[in-house]
Structure formats: structure tokens, C-alpha cells
Amino acid sequence: MAAEGPDRFRAEAWGDGADWALEHAPGLVGAEDDDEGFVPHHPAVAELWKRHRAVRLTRTGDVAPVLLAAILEQKVVGAEARRAWRTMVRAVGEPAPGPNHGLLLPPDPARLAELPSFAFHPFGVERRRAEVIRSICARADVFGRDDVLERLARMRGIGPWTIAETARLAFGDRDAVSVGDYHLPNLVAWALAGEARATDERMLELLEPYRGQRARVQLLIEAGHVGAPAFGPRMEARAIHRI
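Residues numbered from 1 in each chain as written. Predicted model: local features only at pLDDT ≥ 70, side-chain atom pairs only at ≥ 80, totals over all residues. Heavy atoms only, no water.

**Student:** Explain the packing of helix H3 (residues 63-72) against helix H4 (residues 78-92) here, please?
**Tutor:** For any two helices packed against each other, one specifies the crossing angle of their axes together with the interaxial distance. Between H3 and H4, the shortest axis-to-axis distance is 8 Å and the interhelical angle comes to 130°. The orientation of H3 with respect to H4, classified from their angle, is oblique. The handedness of the crossing between H3 and H4 is right-handed. Where H3 abuts H4, its residues Pro65, Leu68, Ala69 and Leu72 lie against Ala81, Ala84, Trp85 and Met88. By residue class, the composition of the contact of H3 with H4 is eight nonpolar, no polar and no charged. (Axes fitted to C-alpha atoms, helices over the stretch in contact; angles between N-to-C directions. Helix = DSSP H or I, 4+ residues; strand = E, 2+ residues; numbered from the N terminus. Parallel < 35°, antiparallel > 145°, perpendicular 65-115°, else oblique. Left-handed = near helix turned anticlockwise from the far one by under 90°. Contact = heavy atoms within 4.5 Å. Nonpolar A, V, L, I, M, F, W, Y, C, P; charged D, E, K, R; others polar.)

**Student:** Please explain the packing of aromatic side chains as it appears in this structure.
**Tutor:** Two aromatic rings are characterised by how far apart their centres lie and by the angle between their planes. For the structure on display, the rule yields three aromatic pairs. Measuring from centroid to centroid gives 4.8 Å for phenylalanine 38 and tryptophan 49, while their planes differ by 65°, and the two rings are edge-to-face. Linking phenylalanine 38 in the loop between helix H1 (18-28) and helix H2 (43-51) with tryptophan 49 in helix H2, this pair joins segments that are 11 residues apart in sequence. Residue phenylalanine 38 is classed as buried on the basis of its relative accessible area, which comes to 9%. Accessibility expressed as a relative area gives 9% for tryptophan 49, which makes it buried. Aromatic pair phenylalanine 120 and phenylalanine 123: ring centres 5.7 Å apart, planes at 80°, arrangement edge-to-face. Overall, phenylalanine 123 belongs to the buried group, its relative accessible area being 8%. (Phe/Tyr/Trp six-rings, centres within 6.5 Å; stacked < 30°, edge-to-face > 60°. Buried < 20%, exposed > 50% of the residue type's maximum accessible area, 1.4 Å probe, protein only.)

Geometric values such as these leave the question of function open.
So, in C-alpha cells, the structure goes:
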């Protein structure tokens, strides 16, 4: 996939899923994002909107890899989750078709469902998250359903944060707010109200003027690297695979 101008791109695909990949390529690069009706109600958001207007909400169209990555991010720092994903893909993922230059496909849910929970330990994933992944992958038939998010929300180990992350990244949901995030309430409160600390309830109160586009505000704050003041030591990444 390559850009051919500000509003044009070229995509090529190989293998059994080539047609599907080309069909979903516009969503993958954010071409299907619609910012109509978005109005910055805060000076900070207006400035972020001015600087990061090109940032778009993407839509992968594929629930499984987005959901798996979100589960790996539950209750851990980003570096730890990314390391777990990278290690798991290298161990279980298959080479992508075409001139992939070493690119690997996301793990097949059916393959992950077959792994015992202890097999996830070398990936840096403890038993709790491993069991959630195994359970979800064993019911991978729900991934292609129209009500997939409703069904996932009823499964053990899948809460509002995981659903919001999946909705925003897999379906381009413009209003999905990651309630339950460790840092996001503080970032939103600092950006919109100058408050260093906040609860999920306070975050939602501040985001209410943007209902329908709340995910866009979250994306802009993240793109702008807004940081709330720190009052203590950072949460450190663990090396579960060494325990």
C-alpha cells in the first residue's frame, strides 16, 4: 500500500484473502472516516484539530487481531503488550503471501485456541489473559457476526475498555471511549479542564459535548502526546516470560 497523493493511495494484495483485503483497504488507511459535524468546543481541542487534521479513525474490518491485541493490553503497560504481541506473532503467525519481506500474518484464532495456557507464558502472557484468549478463540465463529460486539461483551474477561478499543479500531466507531483506561481520564481532564487527575465519570462529563465524535477527541489527544502531570513512579513493564 502506498500513497499517491493527499487523497489517493494504491493497494496490492496477494493470497486467498486478496479480494477481501482490497475491499477493506480504504478503511485501513482511514479513507472511510467521516469528521462531518465535528466542532472543537475547547481551545485545546481546536489547537489539536488544527495540528492533527490528517489523523483519521481507521477501520480494519477484521475483529480477531484487534481484539487479541486489546486483550494483551489489559492491565499492563503498552511496551509489555507490544512485546507479547510481537513474540506471539513470531511464534505462531505464518508468513504473509506475496513479497512480504519477512511480514507475518496475525495468529490464526483456531491455532491459539488449541494452545494450552502455559504455552502463552513464553510470550509474556500470564494465565488470566491466556485463558481469555483461548476462550475467545474457541468461539471465533462470532467474529463475523453483525452483533459481534454485543456477544463479546457477554463473554468473561471482555469489559468496556476492550469493547471500545475493538469498536474504534475494527469498525471505526467515532464515539467509542476507552472507559477503564489507566491514563486516559487524566489526559482528557488535563487537556480539557486543566485537571491533573480524573475518574471515568469526570472524563465522560468533559467529553459529553463531543458525543458522537468522542473517539476523535481521544485520538487527537493521543496524537498530540498530551501528558498529565506525574505524581509518582511510572508503572513498569514486567518480564512474565522470565518468571
